[in-house]
Amino acid sequence: MPLEPPAPRALTPWGHVWRLVLVLLVSGLTWSTFLPWQWDHARWWLVLDVVLGLVSLVLVHRRREHPVPVATAVVLMGLVSASSAGPGLLALVSLATRRRWREVLPVALLSLVVNTVRDTLNPGTDDTWATTAALTLLATVVTVVVGLALGSRHDLWPALRGRLAAVTPTTEPDEPSSAPPLTRWGHAWRLVVVLAISGIAWATYAEWQWRNDPWWLTLDVALGLTALVLMQWRRRRPLMVAVVITLFGVVSASSGGPATLVLVSLATRRRWREIVPVGLLSVVAGAVLATLNPATDESWWFNTIATLVIVGLTVGWGLYIGSRRELLATLRTQLATAEREQTMRVAQARTAERSRIAREMHDVLAHRISMVAMHAGALSYRTDLPAEEVRRTTTLIQQSAHEALVDLREVLGVLREDEPSADERPQPTMEDIPTLVEEARSTGSHVDFDNRLVGAELPVGLGRTTYRIVQEALTNARKHAPHTRVDVRVAGGPDEGVVITVTNPLQVGTRTLRTPPSGLGLIGLSERASLAGGTLDCRRTDREFTVEATLPWPA
C-alpha cells in the first residue's frame, strides 16, 4: 500500500450531478421511514432532520480537502438525522478510496453504531435490533468495499491508460468499441421486441385510460410514438436519448419498449458513470408510474423492487452484449494480427532460405567457374602445349563445367520448391576437404593440407562451415594468386575450437586474364563464421595473404 494515497481525478459537472442524484435518492429512501411519524408526532425532529441533512449536504462537498473530519461529522449527524444518510454514504466511500485503514476502520465502526442506533429507535418500524444491526453491517461493508475498489481503480488507471496509449496511441483507452452496423433484420426484430414490451406494459393502463382519462391516453400514446422515433438516435446520442425516453416513462407506459432498448444500448457501452444514473432514473420512473397505476393496488415498495429487478436484468443483458461485442472485436483483431505475423514469418523464412541458397550457390559455383576460367586462360596464351596436355586440360574444363551445372541444377531445384528440403542441397563435411585439395592440385595449384584436429569427431555443422571456408579461401587464392603455394591448416579440438588458417604468397607481376572480382567471397565467409559463433580475420602483408577463422566447438 502506498504511503500517500493517489490523488483522485477532478470531477466533471456530470460527475457532480450523478453523485448528487445518488445522495438524494439514498437520503430520500432512508428518511421515508421516519417522515410520517415525525410529521404526526415530532415536528421539531422533522425540522432538525431537514436542517442537519442540508448541513451534511454542504459539508460533503469538502470531503476531498478534509476527508476524516467531514466523514466523522456527517456520520455523527446521522444519529438524529435520517436525511443525512446519503451524504454519510458518500463521505464514507470517499474516505475508503484513500485506502488508509487507520482512518477507514474507526469511521466505518462509528457509522455502523450510529445507523444501528438510529434505525433501532425508529418509531416508524418494528424491526428488532439484530435485524437492523445485520442490515446496517451489510450496507457498511458494501460501502467500504466499493470505496476500496474505486481507490484501487484511481491508483491503477493512470498506469493502465499509459500502457494502452503506448500500444494504441490513436485510440482513447476508455472509449467503448463501436457497435456493429445493424442489418434490416436487426432493425426489424428489435422493433418487434420494442412493440411487444410496450404493448405488455401499456395493457394494464389502456382500458382505464380509455374509460376514465382520455387525455392521459392521448399523452401516453404521443410520448410512446415520440420515443419510438427518438430511439433511432440511441447510437449517436446514447446518454441524451436514454435520459429523455426514461423521463417519458414517468407518465407513459407505451414508452416502456423504447426505454428498455435504449437502456440496453447504453449498457453495452459499459460506462458506469452513464449506466448508474440512468438505471436509477429508470427505477424511479418505473416505480412512480406503477404506483400511480389506478388499475392495481400494489404497494410502492413492491413496485420499486419489481422495477429494480427489471432494470437490473436489462442492464445486465446490455453489459453482456457489450462484453460479447468487445470479445469478438478483440478476437478479430488478434486473428488479423496473427495472420499478418504469420505472413511476415513466412516471408522472413523465405528470405532467409533464399539467402542461404545464394551463399551455397556462390560457394559452389565460384569454385567450379574459377577452375574453368583458369584452365581456359592457360589455353588462350599457351600455344606450345602438346596435344596430350591440351586434351587433358580441356577434359578438366569439361568436367568442371559439368560439375558446375550439376551443382547449379541442385541449388535451383531447391529454390523452386515451396518447402526446401535440406537433403536436396549439397552438404559437404570435413571429410571432403582432402578431395577438394586433390581437385585443386589436379588443376596445377600447389596446395599443402595439414590436418591437426585432435579429439572427438568434428560435428556435421562445424565440418560443413570448415569445408566452405577452405573452399572459398582456395577459390580466392586461385583467382588472385594462381600458381602460388597455398598452405591450408586446420587445427584445434573440443576444448579450444577449430582454427582454420589459409596462407598464400601475393601474386608477382600482372596477369593478362583476370577473373572478375565480386567482393562477396570474404563477406560470405565472415557471415558464415559469425553464424557459427566464430570470427574471421583477413591479413595482408607485403609478401602474403592470410585468412584465419576461429570457430567454437558446439557444446
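Each value, and the rule that gives it
- Residues numbered from 1 in each chain as written.
- Predicted model: local features only at pLDDT ≥ 70, side-chain atom pairs only at ≥ 80, totals over all residues.
- Heavy atoms only, no water.
- Core = buried A, V, L, I, M, F, W, Y, C linked by side-chain atoms within 4.5 Å.
- Buried < 20%, exposed > 50% of the residue type's maximum accessible area, 1.4 Å probe, protein only.
- Helix = DSSP H or I, 4+ residues; strand = E, 2+ residues; numbered from the N terminus.
- Lys, Arg positive; Asp, Glu negative; His and termini not counted.
- Salt bridge = Lys/Arg side-chain N within 4 Å of Asp/Glu carboxyl O.
- Polar contact = N/O pair within 3.5 Å; in protein donor to acceptor, adjacent residues only side chain to side chain.
- Contact = heavy atoms within 4.5 Å.
- Pairing = 2+ DSSP bridges.
- Axes fitted to C-alpha atoms, helices over the stretch in contact; angles between N-to-C directions.
- Phe/Tyr/Trp six-rings, centres within 6.5 Å; stacked < 30°, edge-to-face > 60°.
- Lys NZ or Arg CZ within 6 Å of the ring centre and 35° of its normal.
- Parallel < 35°, antiparallel > 145°, perpendicular 65-115°, else oblique.
- Left-handed = near helix turned anticlockwise from the far one by under 90°.
- Nonpolar A, V, L, I, M, F, W, Y, C, P; charged D, E, K, R; others polar.
- 1 Å grid on protein atoms, 1.4 Å probe; cavity = no way out; pocket = protein on both sides within 12 Å on 5 of 7 lines; lining within 4 Å.
- Points joined across faces, edges and corners; volume = space filled by probe spheres on them.
- Expected span 1.5 Å × (residues − 1).
- Arc of directions from axis to C-beta.

Engineer: Just to check I follow, could you spell out the nonpolar core for this structure?
Structural biologist: One broad trend across soluble globular proteins is that nonpolar side chains are buried collectively. Residues Val 498 and Ile 500 are the most contacted members of the largest nonpolar core, which totals 29 residues. Where this core is concerned, the elements lending two or more residues are helix H15 (433-442), helix H16 (460-480), strand S2 (485-493), strand S3 (497-505), helix H17 (521-531) and strand S5 (544-551). For this core, the element with the highest residue contribution is H16, accounting for seven residues. Listed in part, the 20 residues of the second largest apolar core include Met 231, Phe 248, Val 278 and Val 315.

Engineer: Help me understand the side chain of Ser 56, please; the structure alone is not making it clear to me.
Structural biologist: Take Ser 56: it is sitting in helix H3 (residues 43-59). By relative accessible area, Ser 56 is classed as buried at 0%.

Engineer: So what exactly am I meant to see when it comes to the side chain of Arg 234 here?
Structural biologist: Among the secondary structure elements, Arg 234 is positioned in the loop between helix H9 (214-230) and helix H10 (238-248). Among buried Asp, Glu, Lys and Arg side chains, Arg 234 stands out as unpaired, with Glu 274 the closest opposite charge at 13 Å. At 2.9 Å, the side chain of Arg 234 and the backbone oxygen of Met 231 are in polar contact. If sequence neighbours within four positions are ignored, Arg 234 has contacts with Leu 182, Arg 190, Val 241, Leu 261, Val 262 and Ser 265.

Engineer: Help me understand the sheet that holds strand S1 (residues 446-453), please; the structure alone is not making it clear to me.
Structural biologist: In sheet architecture, strand pairing relies on hydrogen bonds along the backbone and comes in two forms, parallel and antiparallel. Taken together, the five strands give an open sheet; going across it, the order is S1-S2-S3-S5-S4, and neighbouring strands pair in mixed fashion. Looking at strand neighbours, the two that pair on one side only are S1 and strand S4 (535-540), the edges of this open sheet. Between one strand and the next, the sheet's axes are offset by a mean angle of 10°, whatever the strand orientation. As paired strands, S1 and S2 are joined by eight bridges and run parallel to one another. Bridge assignment links His 446 to a residue of S2, and that residue is Arg 485.

Engineer: Which parts of the structure should I look at to understand the packing of aromatic side chains?
Structural biologist: In this description, a pair of aromatic rings is defined by centroid distance and the angle of the planes. Counted by the stated rule, this structure contains five aromatic pairs. Plain terms: the ring middles of Trp 37 and Trp 45 are 5.9 Å apart, the flat faces sit at 75° to each other, and that makes the pair edge-to-face. Between Trp 208 and Trp 216 the ring centres are 6.1 Å apart and the planes differ by 75°, which places this aromatic pair in the edge-to-face class. Relative accessible area serves as the criterion here: at 29%, Trp 208 is assigned to the partly exposed category. Residue Trp 216 is classed as buried on the basis of its relative accessible area, which comes to 16%. In textbook terms, an aromatic cluster arises when at least three aromatic residues are bridged by ring pairs, as seen for Phe 34, Trp 37 and Trp 45. Over the ring of Trp 39 we find Arg 43, and its NZ or CZ is 4.0 Å from the ring centre.

Engineer: What exactly am I supposed to notice about the packing of helix H1 (residues 13-31) against H3 here?
Structural biologist: Between H1 and H3, the shortest axis-to-axis distance is 12 Å and the interhelical angle comes to 160°. Considering the angle they form, H1 stands roughly antiparallel to H3. Handedness of the crossing formed by H1 with H3: right-handed. Between H1 and H3, the contacting residues are Leu 20, Val 23, Leu 24 and Trp 31 on the first element and Leu 46, Asp 49, Val 50 and Leu 57 on the second. Counted by class, the contact of H1 with H3 contains seven nonpolar, no polar and one charged residues.

Engineer: Just to check I follow, could you spell out unusual backbone geometry for this structure?
Structural biologist: At Arg 270, a residue that is not glycine, the phi angle is positive and equals roughly 60°. By secondary structure assignment, the location of Arg 270 is in the loop between helix H11 (256-267) and helix H12 (272-291). Taking the relative accessible area as the measure of exposure, Arg 270 reaches 34% and is therefore partly exposed.

Engineer: What am I meant to see in the pattern of salt bridges here?
Structural biologist: Here the idea is simple: oppositely charged side chains can pair when their charged atoms come close. For the structure on display, the rule yields 12 salt bridges. Between Glu 103 and Arg 98 there is a salt bridge, with its nearest N and O atoms 3.1 Å apart. What makes Glu 103 buried here is its relative accessible area of 14%. Ionic pairing is found between Arg 452 and Asp 450, a salt bridge with its closest N-O pair at 2.6 Å. Using a relative accessible area of 45% as the deciding quantity, one classes Arg 452 as partly exposed. Salt bridges here are not isolated pairs; linked through shared partners, they connect Arg 98, Arg 100 and Glu 103.

Engineer: Quick question: what am I supposed to make of the packing of H15 against H16 here?
Structural biologist: Helix-helix packing is described using two parameters, namely the angle between the two axes and the distance between the axes. Orientation of H15 relative to H16, taken along the N-to-C sense of each, is 10°, at an axis distance of 10 Å. The angle between the axes of H15 and H16 places the two elements in the roughly parallel class. Counting all contacts with H15, which are made through Ile 433, Leu 436 and Ala 440, the residues of H16 involved are Thr 466, Tyr 467, Val 470, Gln 471, Leu 474 and Arg 478.

Engineer: Would you mind showing me how to read empty space enclosed by the protein here?
Structural biologist: Applying the stated criterion to the full structure yields one cavity of 30 Å³ or more. If you add up the space inside the largest cavity, you get close to 50 Å³. Ala 440, Ser 445, Val 447, Leu 474, Ala 477, Arg 478, Ala 481, Pro 482, His 483, Thr 484 and Val 486 are the residues that line the largest cavity. Ranked by the residues each element gives to the lining of the largest cavity, the list is headed by H16, at three residues. The residue makeup of the lining of the largest cavity, split by class, is seven nonpolar, three polar and one charged.

Engineer: I tried to follow H1 on my own but got confused; where do I start?
Structural biologist: Given 3.6 residues per turn, any residue in an α-helix points the same way as the ones three and four places further on. Taking 1.5 Å of rise per residue, 19 residues should cover 27 Å, and H1 covers 27 Å from first to last C-alpha, within 8% of that figure. Among all positions in H1, only Gly 15, Val 23, Ser 27 and Thr 30 are buried. What you see down the axis of H1 is that its buried residues fit within an arc of 90°, all on one side.

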